[in-house]
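Topology and contacts: notes
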Amino acid sequence: MKLPFEGKGAFNDAGIRFLIEKGLVQNTEDTSVKPSSLDLTIIRESLMEVPFCFQASIKKSIAETLKEFRGRKLKDFILEPGRMYVAEVREKVILPKELGVYAYANPKSSTGRADLHVRLMADFVQEYDTIPVGFDGKLYVFIKPNSFRIQFDSNFSLNQIRFFNGDTRLQDEALRTLIDSNVIYSTKYERSLSYDEVCTDQKTALLTIDLRAQEGKPAGFIAKRHVFEPVIWNAKNDAHTFFEEITKAHTDTPLIFEKDRFYILSSREYCKVPEEYACEMITIDEKLGEFRSHYAGFLDPGWGVNNEHGRPFTLEVRAFEDIAMYHGQPVARIRYEKMVAPAEAHYDSISSNYTDQMTARLGKMFVW
């Protein structure tokens, strides 16, 4: 079996459909195929609570581990904050060694915006969110709600996988050429930024935090504490029940991020992802501070291309200690990746809840 393209990089939607047609991805639907990713479906009835987080063993399957840990099956399908759960994934993935294809997983955007921590686990693979070359086994998802009770009324999707057949990272001159083609716009300077201005490590672009509150819109949102009402996953929930607005602008004074509270904010920069690239927000290093700036962070090809300057990134911030942060402070890094070919249907051409976001935006299950 040969792949239907010659290039190396991240698979587009046509490449993912090829894997499905050849039976290498099973138990999925065409609606799950996105421009450069495939939504995974959690089997609701398989949900069980586990006493602690764990990684897959190289000696036993995840099903055997769950039996050993005496995981408790759920009856009401309500997940409680601070507790940990595992569920089986409906889709099956087979990656023959001769193809040289591997995969990584990312939480979906709406998952991150609900403060739901999600990691993919694969049988006998000791790294989260990783499906190596040659894999043939079951997939599971580790789930930990941090702020809210979460209720699932049916099977549901929390994360997505992306397929690759080579190193996708852009470095040196290739990244310089892309950044200098006006893909990152600064609202501070009202112009596009150059490679030398944003690529401080030659591999990624540095983004800063936007703490403005303008035009009657909040600077962001803070998750409320001790909310009894559950978030109904496939419904429209009243956002006032779960979030408070940050209505004061913090352009001259810092915003105090309280330890272990969850914030939805936005990057000060607007970004575009040209159709022949994908983009991922990567975990920051400790030099930028003791906090996490995102849970999801993957952007499909075509993000922001229908807007003149692109669109901001949503930041899902959780501080590990009380931190004073200033408007314009460095907060995240993004990495552009090359595709094997442009997607047949790019992000701004498909229906999405986030194609018009220009400020901090809650997940699609919340209505303000």
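In the block above lies the structure referred to throughout.
Worth saying up front: this structure is predicted, and the values here are computed from it rather than measured.

Another point: the environment of Gly310. Along the polypeptide, Gly310 turns up in the loop between strand E26 (298-299) and strand E27 (311-319). Given a relative accessible area of 1%, Gly310 falls into the buried group. Leaving out residues up to four positions away in the same chain, Gly310 has contacts with Tyr270, Cys271, Lys272, Gly304 and Met358.

All buried positions along helix H1 (residues 13-21) are accounted for by Asp13, Gly15, Ile16, Phe18 and Leu19. Those residues of H1 hidden inside the fold are in contact with strand E1 (25-26), strand E2 (38-39) and strand E14 (159-164).

To continue, consider the pattern of salt bridges. Summed over all chains, the structure comprises 25 salt bridges. Between Glu280 and Arg162 there is a salt bridge, with its nearest N and O atoms 3.6 Å apart. Of this pair, Glu280 sits in strand E24 (residues 277-282) while Arg162 sits in strand E14; the two residues are 118 residues apart in sequence, bridging distant segments of the chain. In this structure Arg162 comes out as buried when scored by relative accessible area, which is 2%.

With that settled, the discussion passes to the sheet that holds strand E6 (residues 84-88). Spatial ordering of the open sheet is given by E4-E3-E6-E12-E9, a layout of five strands whose pairing is antiparallel. Since the sheet does not close on itself, it has two edges, and those belong to strand E4 (72-73) and strand E9 (116-122), each with one partner. In this structure, strand E3 (residues 48-50) lies alongside E6, joined through three bridges in antiparallel fashion. Among the inter-strand pairings, Val50 is bridged to a residue of E6, identified as Met84.

Right, let's talk about the nonpolar core for a bit. Grouped together as the largest cluster of nonpolar side chains are 60 residues, with contacts concentrated most on Leu47, Phe163, Phe243 and Phe366. Among the elements that line this core, the one with the most residues is E9, at four residues. Discounting residues that sit within four places of it in the chain, Leu47 has contacts with Arg72, Lys73, Leu74, Phe77, Leu79, Tyr85, Val86, Ala87, Ile143, Phe152 and Phe156. Judged by nonpolar contacts, the second largest core, of 44 residues, contains Leu178, Tyr277, Cys279 and Ile284.

Looking now at the pairing of strand E23 (residues 262-271). The buried count for E23 comes to 10 of 10 residues, which makes it a mostly enclosed element. Summarising the sheet, strand E17 (residues 205-210) and E23 pair through two bridges and their orientation is antiparallel. Looking at E23, one finds that Ile209 is bridged to Ser267. Here two bridges tie strand E18 (residues 220-223) to E23, and the two strands are oriented antiparallel to one another. The partner of Phe221 across the bridge, within E23, is Ile264.

Taken as a whole, the largest pocket encloses approximately 930 Å³ of empty space. Taken together, 42 residues form the lining of the largest pocket, with Lys34, Asp39, Lys108, Ser110 and Lys364 sitting closest to its centre. Only helix H3 (109-113), E26 and E27 provide two or more residues apiece to the lining of the largest pocket. Among the residues forming the lining of the largest pocket, the class breakdown is 15 nonpolar, 17 polar and 10 charged. For the second largest pocket, the calculated volume is near 480 Å³. Every residue lining the second largest pocket is counted, 27 residues in all, and those nearest its centre are Tyr104, Ala105, Asn106, Glu280 and Arg335. When contributions to the lining of the second largest pocket are tallied by element, the ones reaching two or more residues are strand E8 (102-107), E9, E14, E24 and strand E29 (330-338). Per-element tally for the lining of the second largest pocket: the top contributor is E8, with five residues.

Thresholds, definitions, all that
Residues numbered from 1 in each chain as written. Predicted model: local features only at pLDDT ≥ 70, side-chain atom pairs only at ≥ 80, totals over all residues. Heavy atoms only, no water. Helix = DSSP H or I, 4+ residues; strand = E, 2+ residues; numbered from the N terminus. Buried < 20%, exposed > 50% of the residue type's maximum accessible area, 1.4 Å probe, protein only. Contact = heavy atoms within 4.5 Å. Salt bridge = Lys/Arg side-chain N within 4 Å of Asp/Glu carboxyl O. Pairing = 2+ DSSP bridges. Core = buried A, V, L, I, M, F, W, Y, C linked by side-chain atoms within 4.5 Å. 1 Å grid on protein atoms, 1.4 Å probe; cavity = no way out; pocket = protein on both sides within 12 Å on 5 of 7 lines; lining within 4 Å. Points joined across faces, edges and corners; volume = space filled by probe spheres on them. Nonpolar A, V, L, I, M, F, W, Y, C, P; charged D, E, K, R; others polar.

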